[in-house]
Amino acid sequence: MRPIVFAIAALAAAPAYAQQDLSKAEVRVEKIAPGVAVLFGAGGNIGLSYGPDGNIIVDDQYAPMSDRILAAVATVDPDPVRFVVNTHWHGDHTGGNEAMGSRGAVILAHSNVRTRMSSEQFIAAMGSKVPASPAGALPVVTFEDGVTLHLNGDTLHVVHVAHAHTDGDSLVHWQKANVLHMGDTFFHKASFPFIDLSSGGSIDGLIAAADKGLAWSNAATRIIPGHGPVASRSELAAYRAMLADVRSKVAAGIAAKRTLPQIQATKPAGGYGMPEGFIKPDQFVAFVHESLTKKPKHRH
Ligand SMILES: [Zn+2]
């Protein structure tokens, strides 16, 4: 019966995150570096590159937010959105694709983003079926390892990190502006991270993604998480340490032949001061446990 109890607990947690009242959601703009802003609204944080070559956005939240997102972009730079980069396929990061694409934006993402958006998906942890996206919402430029954009006097490195939050995650690094968008490989001051195992995510990939982010950043880097406020490198380092710590405690429990409920009872995710949010400590422990006990499905 345990898996059923867990699924219900996950479902109960979902509405606060996935079913916000979008009609009232406002988009707030925060300029964080020359030529770079973050748009906070409903759904994943949007990175914006602006300047003489036009606007590039990283993620585009939910479809009903599109007009408000475009209005917010226009307050920074009146030019159209030329490119959209999706950090992964989840609807709170790709919901605006169709609206952006219909206005002429070119949508780029890892090939697994297009593959997953092209057919119905089931997010097991949320118990939610996600229908296939319309053709106009699909990324039209896909890549395997990454792609680089040379725009607005900067170099934007879009690099795939395998089997982290999903199997199609990318990080975006503004080389000159010293900004890093981590997508949902980093939940900051929001809750424990969501590892979407049914979309190919894994704890080891999540740790590797944090390591990649750390390797690209220094004390001055502004780090945009998928959810939560802009972070520093030391905050990303603390997050990485938490991931590794919980992983090692859960792995020790598995090695000692303890069941998941027995491991959860020892509170491996306790004591990190994480706010009560979308993913509860026991759910995160369950993600780590499943990740360490089930082989990931590779899609390449
Ligand atoms: Zn996500």
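Higher on the page you've got the structure.
About the thresholds
- Residues numbered from 1 in each chain as written.
- Predicted model: local features only at pLDDT ≥ 70, side-chain atom pairs only at ≥ 80, totals over all residues.
- Heavy atoms only, no water.
- Helix = DSSP H or I, 4+ residues; strand = E, 2+ residues; numbered from the N terminus.
- Buried < 20%, exposed > 50% of the residue type's maximum accessible area, 1.4 Å probe, protein only.
- Contact = heavy atoms within 4.5 Å.
- Areas by Shrake-Rupley, 256 points an atom, 1.4 Å probe, with all protein chains shown as cover.
- Lys, Arg positive; Asp, Glu negative; His and termini not counted.
- Charge placed at Lys NZ, Arg CZ, Asp CG, Glu CD.
- Donors = N, O, S within 2.8 Å, 3.2 Å for Na, K, Ca; no water.
- Tetrahedral: all angles 85-135°; square planar, octahedral: opposite > 155°, others 65-115°.
- Pairing = 2+ DSSP bridges.
- Axes fitted to C-alpha atoms, helices over the stretch in contact; angles between N-to-C directions.
- Parallel < 35°, antiparallel > 145°, perpendicular 65-115°, else oblique.
- Left-handed = near helix turned anticlockwise from the far one by under 90°.
- Nonpolar A, V, L, I, M, F, W, Y, C, P; charged D, E, K, R; others polar.
- Core = buried A, V, L, I, M, F, W, Y, C linked by side-chain atoms within 4.5 Å.

Q: Hey, could you run me through the overall build of the protein in this one?
A: On a plain count of helices and strands, the protein comes out with nine helices and 14 strands. By its C-alpha atoms, the protein is 60 × 40 × 40 Å across when sized along the principal axes. Looking at the protein residue by residue over its 300 residues, the buried ones come to 53%. Of all intrachain contacts in the protein linking residues separated by at least 6 positions in sequence, the fraction that spans at least 24 positions is 66%. If you sum the accessible surface of the protein, you get close to 12,500 Å²; carbon and sulfur atoms cover 57% of it. Taking the 26 positively charged and 26 negatively charged side chains of the protein as two groups, their mean positions are separated by 7 Å.

Q: What is the right way to look at the coordination of the zinc ion in this model?
A: Reference values for angles at a metal are 109.5 degrees in the four-donor tetrahedral case and 90 or 180 degrees in the six-donor octahedral case. Surrounding the zinc ion are the protein donor atoms His 88 (NE2), His 90 (ND1), His 165 (NE2) and Asp 184 (OD), at 2.2 Å. Because the angles between the four donor atoms bound to the zinc ion fall within 87 to 169°, the donor set is best described as irregular. Linear spacing of the donor residues for the zinc ion on their chain is H-x1-H-x74-H-x18-D. Pair check on accessibility: His 88 and His 90 agree, each one buried.

Q: Hey, could you run me through unusual backbone geometry in this one?
A: Most peptide bonds take the trans form, and the phi angle of most residues other than glycine is negative. Within the chain, Asn 152 stands out as a residue other than glycine whose phi angle is a positive 55°. Tracing the backbone shows Asn 152 in the loop between strand S10 (146–151) and strand S11 (154–161). One non-glycine residue, Lys 257, lies in the positive phi region at around 65°. For Lys 257, the position within the fold is in the loop between helix H7 (233–255) and helix H8 (260–265). Residue Lys 257 is classed as exposed on the basis of its relative accessible area of 73%.

Q: Got a minute to help me understand the sheet that holds strand S12 (residues 169–174) in this structure?
A: Hydrogen bonding along the main chain pairs the strands of a sheet, whether they run parallel or antiparallel. With mixed pairing, the five strands of this open sheet are ordered in space as S10-S11-S12-S13-S14. Each of the sheet's edge strands pairs with one partner strand only, and the pair in question is S10 and strand S14 (222–224). Sheet twist, expressed as the average angle between the axes of neighbouring strands with direction ignored, equals 15°. Most of the contacts of helix H6 (residues 203–215) go to S11, to which it runs at about 160°, and overall it touches S11, S12 and strand S13 (179–181).

Q: Looking at this structure, how should I read the environment of Gly 41?
A: Relative to the elements of secondary structure, Gly 41 occurs in the loop between strand S2 (36–40) and strand S3 (46–49). On the basis of relative accessible area, Gly 41 is assigned to the partly exposed category, the value being 31%. For the pair Gly 41 and Thr 94, spaced 53 residues apart in the sequence, the C-alpha separation amounts to 14 Å. Apart from residues lying up to four places away in sequence, Gly 41 is in contact with Glu 26, Val 27 and Gln 61.

Q: What should I look at first to understand the packing of H6 against H7 in this one?
A: Helices that pack against each other are described as a pair by the angle of their axes relative to one another and the distance between those axes. In the contact formed by H6 and H7, the axes pass within 10 Å of each other and the chain directions differ by 155°. Between H6 and H7, the interaxial angle falls into the category roughly antiparallel. The chirality of how H6 crosses H7 is left-handed. In contact with Ile 203, Asp 204, Leu 206, Ile 207, Ala 210, Asp 211, Gly 213 and Leu 214 of H6, H7 contributes Arg 233, Leu 236, Ala 237, Tyr 239, Arg 240, Leu 243, Ala 244 and Arg 247. For the contact of H6 with H7, the class distribution of residues is ten nonpolar, one polar and five charged.

Q: It is not clear to me how the side chain of His 90 should be interpreted in this structure. Could you clarify?
A: Note on placement: His 90 falls in the loop between strand S5 (81–85) and helix H3 (91–94). Using a relative accessible area of 5% as the deciding quantity, one classes His 90 as buried. Excluding residues that lie within four positions of it along the chain, His 90 makes contacts with Ile 123, His 165, Thr 166, Asp 184, Phe 194, Asp 196 and Ser 199.

Q: Can you help me understand the environment of His 88 in this one?
A: Its place among the elements puts His 88 in the loop between S5 and H3. Separated by 77 residues in sequence, His 88 and His 165 place their C-alpha atoms 8.5 Å apart. Excluding residues that lie within four positions of it along the chain, His 88 makes contacts with Asp 59, His 93, Thr 94, Val 113, His 165, Thr 166, Gly 168, Asp 169 and Asp 184.

Q: Which parts of the structure should I look at to understand the nonpolar core?
A: For soluble globular proteins, nonpolar side chains are generally found buried alongside one another. Counting 41 residues, the largest nonpolar core has Phe 194, Leu 236, Leu 243, Val 246, Ile 279 and Phe 284 as its most contacted members. Sorting the residues of this core by element identifies helix H5 (111–117), H6, H7 and helix H9 (281–293) as the ones contributing at least two each. Ile 279 has contacts with Met 126, Ser 191, Phe 192, Pro 193, Phe 194, Phe 284 and Phe 287, leaving out every residue within four places of it along the chain.

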